[in-house]
Amino acid sequence: SSDVCSSDLTGRANAAMLDLIKVDVYGQQMPINQIGSITTPEPRMINIQVWDQNNVPLVDAAIKKSELGLDDKDIYLIGFSQGTMLSLHTALRRPKPIGGVLGYSGALVAPHLLKDELKSQPPLCLIHGEADDVVPFDAFSMAMSVLQKQGIMVHGYSQEGLGHGIDPAGIQIGMKFIKDEIAA
């Protein structure tokens, strides 16, 4: 998922701002709301959940090309499991850092390649259940270690007793991370 923060003249997020942006996918120009869902979970945030993860970079490029005045720092990637893996892979290899990455129950794919492929260091928040039997908790510990060795600011939270999922405490941690980064 890709979050963009923008507002109309009232200072509130307005999903209609994205209506005119077309994305070149599947051989045609499509509005964002036909390749993902758009919500406004916070007064100053528009959340775009792109259904096909291969289209995330295309949506990103279309938003940047638009006249909304959004910058890389206005983009937040939020993922669960493979979504976290994709978000970390994408964000760390972008030429310019984005606002941040919030990842739940994921892993850092191909950590041995990161040193040579690292292009940006956005703020990261990783949350992982200690009882995760799908993506083992060791993946969280390894990701934290590798990312910190690369000098990347990463907030890590382990959730005791949590399996492969997101609990209310994790949601609160994630919301605070994003709010703090937007305010920074």
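Definitions and cut-offs
Residues numbered from 1 in each chain as written. Predicted model: local features only at pLDDT ≥ 70, side-chain atom pairs only at ≥ 80, totals over all residues. Heavy atoms only, no water. Patch = residues over 30% accessible without salt bridge, like charges linked within 9 Å, V, L, I, M, F, W, Y side chains within 5 Å. Areas by Shrake-Rupley, 256 points an atom, 1.4 Å probe, with all protein chains shown as cover. Salt bridge = Lys/Arg side-chain N within 4 Å of Asp/Glu carboxyl O. Helix = DSSP H or I, 4+ residues; strand = E, 2+ residues; numbered from the N terminus. 1 Å grid on protein atoms, 1.4 Å probe; cavity = no way out; pocket = protein on both sides within 12 Å on 5 of 7 lines; lining within 4 Å. Points joined across faces, edges and corners; volume = space filled by probe spheres on them. Nonpolar A, V, L, I, M, F, W, Y, C, P; charged D, E, K, R; others polar. Core = buried A, V, L, I, M, F, W, Y, C linked by side-chain atoms within 4.5 Å. Buried < 20%, exposed > 50% of the residue type's maximum accessible area, 1.4 Å probe, protein only. Contact = heavy atoms within 4.5 Å.

1. Section: a nonpolar patch on the surface
Here is step 1: There is a patch of nonpolar side chains on the surface, built from Phe-80, Ile-166, Ile-171 and Met-175 and spanning about 310 Å² of accessible area.
Here is step 2: Looking at the secondary structure, you find Phe-80 in strand β6 (residues 75-80).

2. So, the layout of surface pockets
Here is step 1: Put simply, the largest pocket is a space of about 250 Å³.
Here is step 2: Lining the largest pocket are 14 residues, and of these Ile-78, Leu-102, Ile-171, Met-175 and Ile-178 lie nearest its centre.
Here is step 3: Among the elements of the structure, β4 (36-42), β5 (45-50), β7 (100-104) and α5 (168-183) are those that each provide at least two residues to the lining of the largest pocket.
Here is step 4: Across the lining of the largest pocket, the residue classes tally to nine nonpolar, two polar and three charged.

3. Observations regarding empty space enclosed by the protein
Here is step 1: One pass over the structure, following the stated rule, counts one cavity of 30 Å³ or more.
Here is step 2: The computed volume of the largest cavity comes to approximately 50 Å³.
Here is step 3: Every residue lining the largest cavity is counted, 14 residues in all, and those nearest its centre are Gly-106, Ala-107, Leu-126, His-128 and Phe-140.
Here is step 4: Elements with a contribution of two residues or more to the lining of the largest cavity: α2 (82-92), β7, β8 (124-129) and α4 (137-149).
Here is step 5: Looking at the lining of the largest cavity residue by residue, the class counts come to nine nonpolar, five polar and no charged.

4. A few points about the nonpolar core
Here is step 1: In this structure, Ile-32, Ile-48, Val-59, Leu-108, Leu-124, Leu-126 and Leu-147 are the most contacted members of the largest nonpolar core, which totals 35 residues.
Here is step 2: Counting residues per element, the ones that place at least two in this core are β2 (22-25), β5, α1 (56-65), β6, α2, β8 and α4.
Here is step 3: Top element by residues in this core is α4. It accounts for five residues.
Here is step 4: In this view, Leu-147 contacts Leu-92, Leu-108, Leu-114, Leu-124, Leu-126, Ile-152 and Val-154; residues no more than four positions away in its chain are not counted.
Here is step 5: Counting residues in each nonpolar core, the second largest holds eight residues, with Tyr-76, Cys-125, Ile-127 and Ile-178 among its members.

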